[in-house]
Amino acid sequence: MFVEPPMKRNVTPTAPEENTAQPMPLLPDAERMAWIAQGVMPHENAVRRWLSGMVLPGITEDDIIQDCYARFCAAPFQDIQNGRAFFFSCARNLVIDHARKSKIRYLDEDLGLEACNIADERPNPEQNLDARQQLDWLREQMILLPSPCKDVFILRKIYNHSHDYIAQSLGLSRRAVERHLGRGLQKLVEASKNSK
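Residues numbered from 1 in each chain as written. Predicted model: local features only at pLDDT ≥ 70, side-chain atom pairs only at ≥ 80, totals over all residues. Heavy atoms only, no water.

Before going further, it helps to examine the pattern of salt bridges. Summed over the entire model, instances satisfying the criterion amount to seven salt bridges. The salt bridge involving Asp136 is made with Arg139; its shortest N-O contact spans 3.0 Å. With a gap of three residues between them, Asp136 and Arg139 both fall in helix 5 (residues 125–143), about one helical turn apart. Residue Glu178 is joined to Arg174 by a salt bridge in which the shortest nitrogen-to-oxygen separation is 3.6 Å. With Glu178 and Arg174 both in helix 8 (residues 174–195) and four residues apart, the pair spans about one turn of that helix. Salt bridges linked by common partners bring Asp164, Arg174, Arg175 and Glu178 together as one network. (Salt bridge = Lys/Arg side-chain N within 4 Å of Asp/Glu carboxyl O. Helix = DSSP H or I, 4+ residues; strand = E, 2+ residues; numbered from the N terminus.)

To continue, consider the side chain of His163. Following the sequence through the fold, His163 ends up in helix 7 (residues 163–170). Classification of His163 as buried rests on a relative accessible area of 18%. When sequence neighbours within four positions are dropped, the list of residues in contact with His163 reads Arg156, Arg174, Val177, Glu178 and Leu181. (Buried < 20%, exposed > 50% of the residue type's maximum accessible area, 1.4 Å probe, protein only. Contact = heavy atoms within 4.5 Å.)

What describes a pair of aromatic rings is the distance from one ring centre to the other and the angle between the planes of the rings. According to the stated counting rule, one finds five aromatic pairs in the structure shown. With a centroid separation of 5.9 Å and an interplanar angle of 65°, the aromatic rings of Trp50 and Phe88 are classed as edge-to-face. Pair noted here: Trp50 is in helix 2 (residues 44–52) and Phe88 is in helix 4 (residues 83–101), with a separation of 38 residues, a long-range link. With respect to burial, Trp50 and Phe88 carry one shared label: buried. Relative to Phe87, the ring of Phe72 lies with its centre 5.0 Å away and its plane at 90°, an arrangement referred to as edge-to-face. (Phe/Tyr/Trp six-rings, centres within 6.5 Å; stacked < 30°, edge-to-face > 60°.)

Relative to the elements of secondary structure, Leu51 occurs in helix 2. By relative accessible area, which is 0% here, Leu51 ends up buried. Linking Leu51 and Ile65, residues 14 residues apart in sequence, is a C-alpha distance of 9.4 Å. Beyond its immediate stretch of four places on either side in the chain, Leu51 contacts Leu56, Glu61, Ile64, Ile65 and Val95.

Glancing now at unusual backbone geometry. Its identity is not glycine, yet Asn160 carries a phi of approximately 60°, on the positive side. Note that Asn160 resides in the loop between helix 6 (147–158) and helix 7. Asn160 sits in the exposed class, given a relative accessible area of 59%.

Let's shift gears to helix 4. An ideal rise of 1.5 Å per residue puts 27 Å on 19 residues; helix 4 measures up with 27 Å between its terminal C-alpha atoms. Elements that come into contact with the buried residues of helix 4 comprise helix 1 (30–40), helix 2 and helix 3 (61–74). The N-cap of helix 4, judged by a side-chain oxygen 3.0 Å from the amide nitrogen of Arg84 a few residues on, is Asn82. (Expected span 1.5 Å × (residues − 1). Polar contact = N/O pair within 3.5 Å; in protein donor to acceptor, adjacent residues only side chain to side chain.)

One can describe the packing of helix 2 onto helix 3 by two numbers: an axis separation of 10 Å at closest approach and a directional angle of 140°. By the angle class used here, helix 2 and helix 3 are oblique. At the point where helix 2 passes helix 3, the crossing takes the right-handed sense. Contacts between helix 2 and helix 3 involve Glu44, Val47, Arg48, Leu51 and Ser52 on the former and, on the latter, Glu61, Asp62, Ile64, Ile65 and Tyr69. Residue composition of the contact of helix 2 with helix 3, grouped by class: five nonpolar, one polar and four charged. (Axes fitted to C-alpha atoms, helices over the stretch in contact; angles between N-to-C directions. Parallel < 35°, antiparallel > 145°, perpendicular 65-115°, else oblique. Left-handed = near helix turned anticlockwise from the far one by under 90°. Nonpolar A, V, L, I, M, F, W, Y, C, P; charged D, E, K, R; others polar.)

Moving on: helix 7. Taken as a whole, helix 7 has its buried residues at His163, Ile166 and Ala167. The buried residues of helix 7 all sit within an arc of 100° when viewed along its axis, so they share a single face. Residues of helix 7 that are buried in the fold lie against helix 6 and helix 8. Gly171 lies just past helix 7 and shows a positive phi near 70°. (Arc of directions from axis to C-beta.)

See the structure below:
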């Protein structure tokens, strides 16, 4: 069976006042292009590095970047304060959208958000209490040292003064300062052994 091709119809152009739909501009305006060039494009390499650390099955970094630029062309850029943050946020949202469509579940670590889960490296309360008790014990033992020994030991070990300074301040010889330090340390070691 033979089918004839459709014939061209004569179409009369519509008058300008009858056509109410405004044509969509093909390129963004100059102000938007300037914003993209100055506020967004300098951060593209950083976003690419961030994306390269992720598994993006079925989509490439270039796809994400291109979709970001498409969103930049439609975004109300006058309200955007930080182009870098907006670029990263847009890329992150596109990765999440793609993962949802692909039924992929990303852990926070895969999105580079591991900084939110940093363990507290400070000592726990038990360690703080133990350290405080040891310092209190050491303070008590230093106070119990005989007078010249105590003064020399505190000036050297607590205030980190030189032997010469201590000798001059207390009117002792340098050799006497060294002897008092040795005796003070020996007494603290003995007290430590006796307390255990």
